[in-house]
Amino acid sequence: MFTLVFIQVLNATIFLLLIESALSRPAAFVLKQAKGIQQTHRHRIKPVGRQLSKLNSRSCSLRNMASLNINAISEDETRVYDVLAKSLERYNIDGTENEFIIDTIEQSSLLIQRLGSEALSHTTSNETEENNVATDDGARDLSSSLRSLSQLSLSTSRHLQSLIYQINNPRSKKTSGNAWRTLQSVVNRSLDIKNADVESTAIAFSILSLGIVISTTDTDVGNAQQKMIASAIFPSSPSHIFERETGKVETGSKQERLIKSVARDTLLHLLGIVVEENGSIDCIARIETAFGVGSEQDKELCSAVANLVKDVFGSGCYYFDSQSNDDEEECFGTELDINKDKASPTLALVAQCRPWEFIKTDKLVRIAAADLDLWYSAELVCDASVASVTSNTNTEKNLMATNYPKLKASDKISTQSIDSSLRQDTIAHLATRALIDTALDLRLYRRADLFASKFYAFGGAERFAEARFLHACETITKVVKRKQPQIIEKQIARIDECVARVSEDLNLSDVDEHKIGIGEVPIETMPQYIRDFALRRLRTSNMSAAASRLANLWGMNYEEDPVVLAEEEKRRQLTYVQWNDEGSPGNIAGKSQPLPDLISDAVDLAEEFKVLLQAGETVGFDAEWGEDSGVAVLQLSTVSHSILLDIPALSSNDKGCRALQATVGQLFAGLTGARYVIGFGCKEDIKRLRDSPCSRSVHWFPHNNCAARDLRPLIAEASPSLGGKGGQHLGLSRMTESFLGKQLDKAEQCSDWCQRPLSTEQREYAALDAWACAAIHAKIAKLIGERYKV
C-alpha cells in the first residue's frame, strides 16, 4: 500500500515538471529530460522524504535552465554577450578572423558545457542533466556562437554556485574545505589545461566568459563563496595559459594576439562597469593576474584603473581631482570610509597595471597601510614601483596580495647599493619611503626594519639606520623583560653591521655626524647608545651578572659604585633634557616642581585640567600606547605645566568618561579656548584615542573635526633644512635639540606603558614628550608668526 502511494506521488510530480518544462523548452529536450528522470525512477527507489527532497532540488535546476531560453534573453546574458562582442571588435575589426574566432568560441562552449554538467552532477547526487542550450541549426555565425557561450557561462556559473551552496550548507570550516576541494577537482577535470587537444585560446575564452559572469552578475552565494569560485577558475599566473606543457602559445602568434587583445579589452570594459555599478573588483584583479595584460604604457587601461582608485579610495589619491595637498586636514578630520574588500583587489590592479601618472602613489600606500592595515598590498605596490623605475620587466608580475605567502616579500631582505644615477623623487622613492615612514609612525619597528632593508636603495640609508635602531631598542626591552639577555648580543651586532654599511654609503667620515640621520639618534653614536641602553635596562631589571658579562665583552666598564653611577648620570643630564632644567615644567622661575602623577580619578582630572588651561594657550600632547588598539597614557602639557592621564582607568566608568569628554574631548574639539593643540606625528595617536575604551554609548573623544595639528609641517616651513618632503618624517628628539638645545632621552619609549605604577623615568619621559611639542611650537611662533591658528 505504501509503495503504491509513493509511485502515485512520484508520477504526479513528474507530470508537473513536464508541464513546467514544456512551457519554456523545445519538445525534444523536454522528452529527453523526462526519459532521464523515468529511467532514474525505475532503477532507484529511495525513502519518500529523501526522494521528494531531490525532486524539489531538481525542479529548481530545471527552472534555472528554463530561464536561459534563447527566446527570453536575460539582462545578465546580454551583458556577458556585449562585453565579449566589444572585446572582439578591436581584434577583428575587418571580420577576416571570423572562422578562427568561431572555432575558438565553439571549443570554449564545449569546455564550459562540460564544466556545468560536472558541477550539476555533484549537486543532484549523480542524477545528471545535460547542460545544453538550444541553438539554430545550420547557421554558423559569430553572433550566435557568442550568444551560446554567454548562455552556457551563466548556466555553468549558477551550477557552480549550487555546488558550493549544497556542500557548504550548513557552513563550517570542514564543509568549506570540502567545497573547495570538490570545486577545484571539478574545474581541473573540466577545463583540463594539460590536455594537448584543447587549444589555449579556447581555455582563455572559457575563463574570460566565466569571469565576466562572476564580475558583473548578482549571485545567490556570499562574497567568500564567490571568491572561492573565482580562485578555482582563474590561473595564478599567465604562464598557465601561454606556457602550457602540451600547448605553448608562441610569442607573436595569432593565438597570443587574440588572447591578449580580448583579455585586455574585457578588463577595460569590466573596469568601466564596476565603477558605474557594484561589480566584483576581486574577480577583475584575478583576470589581470591570469592574463597579465596590464602595462604602464597602456594609458587607456591605466586611466580606467585610476578611476577605480578614485571610486574606492576617494579623489585625494587621484591627481586630477585633488584640490589640496593638506594631508593633515584629512588625517584629523572625518575618517575615511573605505571598503576593505574593494581596496585590496584595487591595490592589486594598481600593482599590476601601474597607473603612476594618474594617482598619488605615496598617499595611496599610506592609506592602505595605516588606515586599512593592508600592509602586503601596500608592499606589492612598492614592489611594482621599484620594478618600473629599474625597468625590471623580465620578472613575473607580483601576485595578488590575497595569494601572497605571509611575510614572503618582507623576509627576503636585500640591501642593494644606492644608485646615485637615479633621481631621488621617482615613484619608487616616494612609495617606499611612504611605506617605511608609515611603519615608523605606527611604531611597528620590526616591520619598518624589514621594509627599510628590502627597499634600502630607495628608502635611503638614514631610514634604514633609524628603523633598525628602533627595532633593536624594542627587542632589547622585550628580551630583558623575559629574562633572555643572550639575545641582546645579536641585536648589538645588527646595529654595528648597519652603522658600518650606512657610514660607507654616506661617507660619514667626511661630514658632521649631527647632520646625518633623520631619527632620534645620530648614526655614528648608535653603537655606543645601544650598548648604554642595554646596560641600563639590565641594571633596572636587577640583572647585574648579565650586564657585567656584556660590558666585558664590549670593552666597557660596568660599575655599581654610587660615585661612578653619579658621574654617568651627570653626563646624561648634559646631553638630554631634564625635568628640572631651566625653562622646563619642573623649573618655573627657579622653583622646583614635582613630576606629575598619573591621574586616574575624575575629580583630579577636572582640577588639573583647569590649571593646565590657565598655564598657556598652546597645549602639546602625546600618547603612549597599550597592547590593544587604545591609549595607555595621554600626556598634555603647556610650556609650564604637564599632566598625565590614565586612560584605561578613567574610561572604565561613566564618571571618568564624562570627565574625559568635558576636558580632553572639549580640548580636541577646539572648544576650550586653547588656541593651539599640537602633536608630533600624531595621526595614529588620534586614531588610537578614538579607539580607546568608553563605558558610555557616546565616545568621549570627538569623532570628526579634530582640532589637533601636526608639528612636523610647521618645522619643515620654519626650518626647511631639518625636514624631508613636507616634514613627513622627523625625530622629535633631534628637533628638540635643534630648537631647544638638548635631545629628548627616548630610552623609555619602548617600555611597558600598561604597568602600574609607572616608574619615575617613564613619568619624566612622558611629561617631557608633550612639553617639547608646546615648547617647539612657541619657538616656531616667533619665526613664522601667527599663521597657524586652530
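Our subject is the structure that appears above.
Computed from a prediction, not measured in an experiment: that's the story for all the values here.

J.: I tried to follow the overall build of the chain on my own but got confused; where do I start?
T.: Helices and strands together make up the secondary structure of the chain, namely 33 helices and eight strands. Counting only residues that meet the buried cut, the chain has 52% of its 790 residues in that class. Relative to all contacts within the chain whose residues are 6 or more apart in sequence, the contacts with residues 24 or more apart total 75%.

J.: Sorry, what's going on with the pattern of salt bridges here?
T.: Here the idea is simple: oppositely charged side chains can pair when their charged atoms come close. Taken as a whole and judged by the stated rule, the model has 32 salt bridges. A salt bridge links Glu256 to Lys260; the shortest N-O distance between them is 3.6 Å. With Glu256 and Lys260 both in helix 11 (residues 254–276) and four residues apart, this pair spans about one turn of that helix. Take Lys260: its relative accessible area is 35%, and that puts it in the partly exposed class. Arg463 is paired through a salt bridge with Asp437; the nearest N and O atoms lie 2.8 Å apart. Of this pair, Arg463 sits in helix 22 (residues 461–481) while Asp437 sits in helix 19 (residues 427–441), and the two are 26 residues apart along the sequence. Its relative accessible area of 16% is what places Arg463 among the buried residues.

J.: Is there a simple way to think about the nonpolar core in this case?
T.: A general tendency of soluble globular proteins is for nonpolar side chains to be buried together. Counting residues in hydrophobic clusters, the biggest one holds 157 residues, and the most contacted among them are Phe291, Phe313 and Ile488. Per-element accounting of this core gives the leading share, eleven residues, to helix 22. Setting aside its immediate chain neighbours within four residues, Phe313 contacts Ile338, Ala343, Thr346, Leu347, Leu364, Ile367 and Leu372. Listed in part, the 31 residues of the second largest apolar core include Leu605, Val677, Phe701 and Cys706.

J.: Could you clarify how one ought to interpret the sheet that holds strand 5 (residues 631–637) in this entry?
T.: In any sheet, the strands associate via hydrogen bonds between backbone groups, in a parallel or an antiparallel arrangement. With respect to topology, six strands assemble into an open sheet ordered 3-6-5-4-7-8, the strand pairing being mixed. In this open sheet, the two edge strands, each paired with only one partner strand, are strand 3 (598–599) and strand 8 (709–710). The pairing of strand 4 (residues 618–625) with strand 7 (residues 676–679) spans three bridges and is parallel. From the neighbouring strand, Gly620 faces strand 7, where its bridge partner is Ile678.

J.: Even after reading the chapter, I still don't get the state of the cysteines, so can you show me in this structure?
T.: Disulfides are covalent bonds that connect the sulfur atoms of two cysteines. Per the counting criterion, the structure on display carries zero disulfides. As a non-bridged cysteine, Cys682 has Cys706 as the owner of its nearest cysteine sulfur, 7.8 Å distant.

J.: Could you clarify how one ought to interpret unusual backbone geometry in this entry?
T.: Backbone phi values are negative for most residues with the exception of glycine, while trans is the configuration of most peptide bonds. Between Arg756 and Pro757 the backbone carries a cis peptide bond, its omega angle lying at 0°. Among the structural elements, Pro757 can be located in the loop between helix 32 (732–740) and helix 33 (760–784). For Arg354, which is not glycine, the phi torsion reads 60° and is therefore positive. Following the sequence through the fold, Arg354 ends up in the loop between helix 15 (340–353) and helix 16 (361–371). Residue Arg354 is classed as buried on the basis of its relative accessible area of 13%.

J.: Would you mind showing me how to read the environment of Ala448 here?
T.: Relative to the helices and strands, Ala448 is located in helix 20 (residues 445–454). On the basis of relative accessibility, which here comes to 0%, the residue Ala448 falls in the buried class. Each C-alpha atom of the pair Ala448 and Arg463 lies 8.8 Å from the other, and the pair is 15 residues apart in sequence. Residues contacting Ala448, with those up to four places away along its chain left out, are Ile436, Ala439, Leu440 and Ala467.

J.: Sorry, what's going on with the packing of aromatic side chains here?
T.: What characterises a pair of aromatic rings is the spacing of the ring centres plus the angle enclosed by the ring planes. Applying the stated criterion to the full structure yields eight aromatic pairs. Ring plane angle 85° and centroid distance 4.9 Å describe the contact between Phe621 and Phe668, whose orientation is recorded as edge-to-face. Of this pair, Phe621 sits in strand 4 while Phe668 sits in helix 29 (residues 654–668), and the two are 47 residues apart along the sequence. Exposure remark for Phe621: the relative accessible area of 0% places this residue in the buried category. On the basis of relative accessible area, Phe668 is assigned to the buried category, the value being 0%. A cation over a ring is seen here: Lys254 above Phe100, with NZ or CZ 4.5 Å from the ring centre. Between the NZ or CZ atom of Arg536 and the centre of the ring of Tyr529, over which it lies, the distance is 6.0 Å.

J.: What am I meant to see in the side chain of His641 here?
T.: The residue His641 is located in the loop between strand 5 and strand 6 (642–646) in this model. At 3.1 Å, the side chain of His641 forms a polar contact with the side chain of Glu608. Apart from residues lying up to four places away in sequence, His641 is in contact with Pro585, Glu608, Val611, Leu612, Ala615 and Leu636.

J.: For this particular structure, what's the right way to read the pairing of strand 7?
T.: Of the two faces of strand 7, the one carrying Tyr676 and Ile678 and the one carrying Val677 and Gly679 are both buried. Relative to strand 8, strand 7 runs parallel, the two being bridged by two bridges. Considered in strand 8, the bridge of Gly679 is made with Asp710. The handedness of the strand 7 to strand 8 crossover, carried by helix 30 (residues 683–691), is right-handed.

So, how was this worked out
Residues numbered from 1 in each chain as written. Predicted model: local features only at pLDDT ≥ 70, side-chain atom pairs only at ≥ 80, totals over all residues. Heavy atoms only, no water. Helix = DSSP H or I, 4+ residues; strand = E, 2+ residues; numbered from the N terminus. Buried < 20%, exposed > 50% of the residue type's maximum accessible area, 1.4 Å probe, protein only. Contact = heavy atoms within 4.5 Å. Salt bridge = Lys/Arg side-chain N within 4 Å of Asp/Glu carboxyl O. Core = buried A, V, L, I, M, F, W, Y, C linked by side-chain atoms within 4.5 Å. Pairing = 2+ DSSP bridges. Disulfide = S-S within 2.5 Å. Phe/Tyr/Trp six-rings, centres within 6.5 Å; stacked < 30°, edge-to-face > 60°. Lys NZ or Arg CZ within 6 Å of the ring centre and 35° of its normal. Polar contact = N/O pair within 3.5 Å; in protein donor to acceptor, adjacent residues only side chain to side chain. Right-handed = clockwise from strand over helix to strand, strands pointing away.

Function cannot be inferred from these measures alone, as they are strictly geometric.
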